[in-house]
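Observations on chain architecture
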Amino acid sequence: MSSTPIASKIIPKAARAHLDPANIEYTSEKQKNAVAALVEEFTVTPELLKSIQKNFMEGMKKGLKKDGETLAMISSYVVGRLDGTEVGSYLALDVGGTNLRVVSVHLNGGGEITTRQTKYRIDEKLKVGDAKSLFDFMAVCVDSFLDEHQIVVRGDAQIELGFTFSFPVLQTAINRGTLITWTKGFNASGMVGKDPVALLQDAFNRRHTPVRVAALVNDTVGTLLAYAYNHPETIMGVILGTGCNGAYIEKISNIEKWKGKTTADEMIVNMEFGAFDKERVILPLTMFDNKMDRKSVNPNKQIFEKMIAGMYLGEITRNILLNLIDRRLLFEGNVSADLNQMWTFETAYMSSIEADHSPTLHETRKILESTLSFPSTTLNDRQIVKTVVELVGKRAARLSAAALAGILEHTGAWKHKSAIGIDGSLFEYYPSFDTDIMDGLEEVFGEEVRKNVSLGLAQDGSGVGAGLCALLAAKNSATKDA
Ligand code: BGC
């Protein structure tokens, strides 16, 4: 278990070093045609982007009307906005990304937040084991964090904890809900239909850990809150990381299915947009996406997420490379033992390959030869690999743009100054992801959108946001159950 302080400076992200497929010296006409076919299949044209946006907006409307729709449009029970003046200390547990994190969040007022956090790796076996063991592990991590940071609780007092549980949970209160389905490689048994808060509270109680789960929050909702703490014009929180999803501020009068009581007139809605187009009517799915989907732990689910998120992009790329190898159009038809294994082509490699500016594609060579153990590669091999990576990466960014454009048009937020806070490794590290999204938004709305809408990195939004949510839960205890 390692304790990692949150980096306060943002690591500058490399720009994409685009390689024009027209400049590749192909080894054969067949190879050239194969690349051209991939370009055609993976390009999201402006027309397609707009059609996806329209379909997405229809999905939003349906989800706001009733439960059980493809876009779940979950009422988060988080009402009220933050203005950066709030002060206090909260504990947050963040589960749903690559690591589990325990974070202590200190709101100092004036939009200033300080945090201390410890990351814990969740064993792959725990993700697909029984739910009790998984929740016991979460309680152990919180316990050890309290020890490590010497957080002492006196008498019968309890620490209030915001629980970021980044899976589709149908909420029935700020601290209650039921899991709809697992995503992102988690599949612990006996959990669907259960309340993650109750399971976590039971695990704390079993260990006599003096913690009360005060708020249940999706990472997108947390990100929105965290970004809003110093950007009051924030209207949306987005995750582009291991998984993907978005939350935005909606007028309660538009949430037709809302039956709860509140005096507020707006609420954050967790869209669960990774599930978009379950019906497979609009997304340009390829055989490489289908192959990856079939082999995932949740086939047929989260199709949109699987075309966008960091957990999957490397595997789609690997499937394309294998296909080219099998057709003897790459690496002279030879595959390395490493590339032959599922999930070995990490999305992080794609970031490095995208940023590779060198004429010999030196970085790409390092990944293929040193990391993926190809004995040797030619410049042509590396150029083909880079082209494939660029196609998969750019498609992901443009599909994200279609979703954001849907929300911006639905809310009308593109017409005035608004901010979108985005957390996640893909947005933080993948070259030109932000530029590609902005270009996509401009295709839909025209130049004006660049002046009005800003995309910003909400670093660690999901952890900080859970602390903020615990605060809002205390502030708005008037929000009643449905
Ligand atoms: C989950 C969402 C979450 C997103 C990003 C998806 O798999 O269903 O709840 O917000 O990942 O972490």
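Our subject is the structure listed above.
Residues numbered from 1 in each chain as written. Predicted model: local features only at pLDDT ≥ 70, side-chain atom pairs only at ≥ 80, totals over all residues. Heavy atoms only, no water.

Quick word on the overall build of the protein chain
For the protein chain, the count of helices and strands is 16 helices and 14 strands. Computed over C-alpha atoms, the radius of gyration of the protein chain comes to 23 Å, within 12% of the 23 Å expected from 2.2 N^0.38 for 482 residues, which places it in the range of a compact globule. Along the three orthogonal principal directions, the C-alpha set of the protein chain runs to about 75 × 45 × 40 Å. A burial count over the protein chain gives 57% of its 482 residues as buried. For the protein chain, contacts bridging at least 24 residues in sequence account for 72% of all contacts bridging at least 6. For the protein chain, the exposed surface amounts to about 19600 Å²; the carbon and sulfur share of it is 51%. Once the 53 positive and 59 negative side-chain charges of the protein chain are each reduced to a mean point, those two points are 3 Å apart. (Helix = DSSP H or I, 4+ residues; strand = E, 2+ residues; numbered from the N terminus. Rg over C-alpha atoms; globule rule 2.2 N^0.38 Å. Buried < 20%, exposed > 50% of the residue type's maximum accessible area, 1.4 Å probe, protein only. Contact = heavy atoms within 4.5 Å. Areas by Shrake-Rupley, 256 points an atom, 1.4 Å probe, with all protein chains shown as cover. Lys, Arg positive; Asp, Glu negative; His and termini not counted. Charge placed at Lys NZ, Arg CZ, Asp CG, Glu CD.)

Some points on helix H11 (residues 362–371)
Within the sequence span of H11, burial applies to Thr364, Ile367 and Leu368. Down the axis of H11, the smallest arc covering the buried residues is 85 degrees, so these residues share one side. Packing partners of the buried residues in H11 comprise helix H10 (347–354) and helix H12 (379–411). Downstream of H11 by one or two residues, Ser373 has phi in the positive range, about 55 degrees. (Arc of directions from axis to C-beta.)

Concerning the site of the ligand
Close contacts around the ligand come from 15 residues, with Thr183, Asn218, Asp219, Glu272 and Glu305 the closest. For the ligand, an oxygen atom lies 2.6 Å from a polar atom in the side chain of Asp219. Between the ligand and Asn245 there is a distance of 3.0 Å, counted from an oxygen atom to a side-chain nitrogen or oxygen. Looking at the shell around the ligand, the elements with two or more residues in it are helix H6 (219–230) and strand S11 (244–251). Of the residues assigned to the shell around the ligand, the class counts are four nonpolar, seven polar and four charged. (Near = heavy atom within 4 Å. Polar contact = N/O pair within 3.5 Å; in protein donor to acceptor, adjacent residues only side chain to side chain. Nonpolar A, V, L, I, M, F, W, Y, C, P; charged D, E, K, R; others polar.)

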